[in-house]
Every structure is written in C-alpha cells, then in structure tokens.
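Residues per chain are reported as follows:
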Amino acid sequence: MTMYDRMVAVFAEKRGTTATPNIEQEVMQRIALAGLHRGGFFRHAAFYGGTCLRLFHDLPRYSEDMDFSLIEKRDDIHIENYFTPIIEEFRSVGHDVDIVKKDKKIFGRVESAFLKENTEAYDIKFQTKKNIKVKIELDTDPPLAFDTEELAMQQPYSFMTRCFTLPSLYAGKMHALVYRAWQRRVKGRDWYDFEWYVRWQVPLDFKHLQERIHEFSGAEVDKDTFMTLLREKLATTDIEKVKEDVKGFVDNPRELDIWSNDYFLQLADRIVFCQD
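Just so it is clear, the model here is predicted, and its values are computed rather than measured.

Undergrad: Quick question: what am I supposed to make of the overall build of the protein chain here?
TA: For the protein chain, the count of helices and strands is 11 helices and 7 strands. Taking 2.2 N^0.38 as the reference for a compact globule, 276 residues should give roughly 19 Å; the C-alpha atoms of the protein chain span a radius of gyration of 18 Å, in line with that estimate. Scored against the burial criterion, the 276 residues of the protein chain give a buried share of 53%. Sequence separation of at least 24 residues holds for 70% of the intrachain contacts in the protein chain that already meet a minimum separation of 6. Accessible area of the protein chain: about 12,900 Å², with a carbon and sulfur share of 47%. Distance from the positive charge centre (40 side chains) to the negative charge centre (47 side chains) of the protein chain: 3 Å.

Here it is in structure tokens:
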C-alpha cells in the first residue's frame, strides 16, 4: 500500500465513508501543499479560499479548488516555478501526475467571474485517474491589506503553510458572495461558508474587504453600503438554486433544511467586524 493509499484510507475512515472522489481530492490537496512547501512557495504566497477553510479549520463541506495569493505584488513569482516539487511530492507517495494549464475561455460562468488576467490556473491530474483532479490558482497581482498566519499540516509529513487569517478569509468570502457575477448559476458554497463564519462569530476584516471591492470595481464602499448590498443579495436570490449548488459538497444535506432568504437575512444581522 502506498502512502497515498494509506492517506485515502485514513481520511475515508475519519469521514465514515469509502474512498470517494471527494476524499481523494482532499488527499491530493494535502500532497500539493506539501510539494509547494518543500519548494519554498510559502515564502512568497499564502493559501486562502474554501479549501483553506476546509483543511485547516474543519469546514464541514468539501471544496474543489486551491486558491493562493502572493503576499505582495510582484511579477517574478509564478506557480509554474513550483511544478517540479509538486510532481516529486506526488511521486514520493506513489502517483505520477500531470499539471495542465487551464484555458480561461472555457471556464464556467461562476469560475470566470473572478478569474483575472493575472491569475495563473492549472489542473493537477493523475496519469491513471483522469476523473480526479485539483485546480490550483495563484493571484499574482492581488488585493492586499490581508493578514496571514502559519498553520501546521501533518500529512503526508509535518510542515507549515502560510494561510490567510480567518477574518481575512471571511472578507474574501463576503466579496465573492455579494459581487460574484451569478448569471444563471449560484455558488451556494459561498452561502454555506457565510453561515459557518457567523456561527463561529469570526470577525470580518472589513479593511481587506474594502481593498477587494476597490480592486474589483473601483468603488469605495463603507459598511452601511456593503450591508445594504448584502441584504439585497440575500433577499432576492433563489434559495433553491443556492441549495442545489452546495448539496453535493456536504455529507448531510438535511442541514440545509433551515435555509431560507429570511434565515440568511437574520445571519446578516449577526455579522461582527474586526475592531478598527
């Protein structure tokens, strides 16, 4: 049994399930982080997004993509520079992978809503299991004013990963929830994560949120304006479409039974902000 197989078996047992594609994706994500660490990537970049929240803070839903941000704006750091340690890390646990550049023209509507020209995006794919893959993205010209911390990962070996702090992660999620261009799809996973942040009373880093909004639209938004926009989004979005998006990423879809537009409006009233 390879190290990869042992990791899949351990995490499947922990989740009380079998070796599903979601479990294998999570193992791949951990191995990719290990390779990036070994290559020195986290001297220059930080992990953020839903997968960061899942792997380091036990968010109770699965997450597909791995999002990274440079910690300062520069044009000499690229995710391609770290392909070799990623590939070697996978080989060390018993699998060969290919890393394939994503074609931005064929991204789905939800994905492309925030995929900037200065975002590098690639898929990590097994050579023998083409249906299981992990997408990695690096923002090389990111909105700043975020905070980071070093968090420990213990599989496939013990190492530290630079991550956005919870308040800064929260800011990125609220920007996505309000400003993502939905068109005919709704990313209910944003709503699930919003509920999680409110449940655990994580303070929202509004300075980083303002930085993201300004970089995205050029707007200067105060708290009252943002809360008005948030409540409008929560009140008018089709809640059934929200549920439909997220139900495949949770072990118990019954936890979504309480979801309604009014429920999320009540959650908005419970948002707490970081102290200025």
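Undergrad: I tried to follow the side chain of Thr51 on my own but got confused; where do I start?
TA: In this fold, Thr51 is placed in helix 3 (residues 50-57). A distance of 2.7 Å separates polar atoms of two side chains, one belonging to Thr51 and the other to Ser63. If we skip the residues at most four places from it in the chain, Thr51 touches Gln29, Ser63, Glu64, Asp65 and Met66.

Undergrad: I'm lost on the packing of aromatic side chains in this one. Help?
TA: To describe a pair of aromatic rings, one takes the distance between the centres and the angle between the planes. The full count for this structure, using the stated rule, is 22 aromatic pairs. When the ring of Tyr4 is compared with that of Phe126, the centres are 5.3 Å apart and the planes differ by 85°; the resulting orientation is edge-to-face. With Tyr4 in helix 1 (residues 3-15) and Phe126 in strand 4 (residues 119-126), this pair connects stretches of sequence that are 122 residues apart. Taking the ring centre of Tyr62 as reference, the NZ or CZ of Arg54 above it sits at 4.5 Å. The lysine or arginine in question, Lys223, covers the ring of Phe273, its NZ or CZ lying 4.7 Å from the ring centre.

Undergrad: What is the right way to look at the environment of Lys14 in this model?
TA: Mapped onto the elements, Lys14 comes out in helix 1. Sequence spacing of Lys14 and Asp147 is 133 residues, and the spatial spacing of their C-alpha atoms is 31 Å.

Undergrad: Would you mind showing me how to read the nonpolar core here?
TA: Soluble globular proteins: nonpolar side chains tend toward being buried together. Of all hydrophobic cores here, the largest spans 87 residues; its most connected members are Leu33, Phe47, Phe68, Phe194, Phe226, Leu230 and Trp259. Broken down by element, this core gets its largest block of residues, 8 residues, from helix 2 (residues 21-38). Apart from residues lying up to four places away in sequence, Phe47 is in contact with Leu33, Phe42, Cys52, Leu55, Phe56, Met66, Asp67, Phe68, Thr161, Arg162, Cys163 and Phe164.

Undergrad: How do you make sense of helix 6 (residues 166-179) when you look at a structure like this?
TA: Since one α-helical turn is 3.6 residues long, residues separated by three or four positions face the same way. Under the 1.5 Å per step criterion, the end-to-end length of helix 6 is 20 Å for 14 residues, consistent within 8% with the ideal 20 Å. Of all 14 residues making up helix 6, 13 are buried, and the element is well covered by its neighbours.

Undergrad: Which parts of the structure should I look at to understand the pattern of salt bridges?
TA: As a working rule, side chains carrying opposite charge can pair if their charged atoms are close by. What the rule picks out here adds up to 22 salt bridges. A salt bridge links Arg189 to Glu64, with the nearest nitrogen and oxygen atoms 3.2 Å apart. One end of the pair, Arg189, is in helix 7 (residues 188-199); the other, Glu64, is in the loop between helix 3 and strand 2 (66-70), and 125 residues separate them in sequence. Judged by its relative accessible area of 8%, Arg189 is buried. Each of Arg61, Lys173, Arg180, Asp190 and Asp193 takes part in one network of salt bridges that share partners.

Undergrad: What should I look at first to understand helix 2 in this one?
TA: Under the 1.5 Å per step criterion, the end-to-end length of helix 2 is 26 Å for 18 residues, consistent within 8% with the ideal 26 Å. Most of helix 2 sits inside the fold, with 14 of its 18 residues counted as buried. Downstream of helix 2 by one or two residues, Gly40 has phi in the positive range, about 85°.

Undergrad: Quick question: what am I supposed to make of unusual backbone geometry here?
TA: The step from Gln155 to Pro156 runs through a cis peptide bond, and the omega angle for that step is 5°. Along the chain, the position of Pro156 falls in the loop between strand 6 (148-153) and strand 7 (159-164). For Ala145, which is not a glycine, the phi torsion comes out positive at approximately 65°. With respect to the helices and strands, the residue Ala145 is situated in the loop between strand 5 (133-139) and strand 6. Residue classification places Ala145 among the partly exposed positions, given a relative accessible area of 44%.

Undergrad: Just to check I follow, could you spell out the packing of helix 6 against helix 8 (residues 206-217) for this structure?
TA: When two helices pack together, their arrangement is given by the angle between the helix axes and by the axis-to-axis distance. Orientation of helix 6 relative to helix 8, taken along the N-to-C sense of each, is 40°, at an axis distance of 8 Å. Compared by their axis directions, helix 6 and helix 8 come out oblique. The chirality of how helix 6 crosses helix 8 is right-handed. Seen from helix 6, the contacting residues are Ser168, Ala171, Gly172, Met174, His175 and Tyr179; seen from helix 8, they are His208, Leu209, Arg212, Ile213 and Phe216. When grouped by side-chain class, the residues that make up the contact of helix 6 with helix 8 number 6 nonpolar, 4 polar and 1 charged.

Reading the values: rules and limits
- Residues numbered from 1 in each chain as written.
- Predicted model: local features only at pLDDT ≥ 70, side-chain atom pairs only at ≥ 80, totals over all residues.
- Heavy atoms only, no water.
- Helix = DSSP H or I, 4+ residues; strand = E, 2+ residues; numbered from the N terminus.
- Rg over C-alpha atoms; globule rule 2.2 N^0.38 Å.
- Buried < 20%, exposed > 50% of the residue type's maximum accessible area, 1.4 Å probe, protein only.
- Contact = heavy atoms within 4.5 Å.
- Areas by Shrake-Rupley, 256 points an atom, 1.4 Å probe, with all protein chains shown as cover.
- Lys, Arg positive; Asp, Glu negative; His and termini not counted.
- Charge placed at Lys NZ, Arg CZ, Asp CG, Glu CD.
- Polar contact = N/O pair within 3.5 Å; in protein donor to acceptor, adjacent residues only side chain to side chain.
- Phe/Tyr/Trp six-rings, centres within 6.5 Å; stacked < 30°, edge-to-face > 60°.
- Lys NZ or Arg CZ within 6 Å of the ring centre and 35° of its normal.
- Core = buried A, V, L, I, M, F, W, Y, C linked by side-chain atoms within 4.5 Å.
- Expected span 1.5 Å × (residues − 1).
- Salt bridge = Lys/Arg side-chain N within 4 Å of Asp/Glu carboxyl O.
- Axes fitted to C-alpha atoms, helices over the stretch in contact; angles between N-to-C directions.
- Parallel < 35°, antiparallel > 145°, perpendicular 65-115°, else oblique.
- Left-handed = near helix turned anticlockwise from the far one by under 90°.
- Nonpolar A, V, L, I, M, F, W, Y, C, P; charged D, E, K, R; others polar.

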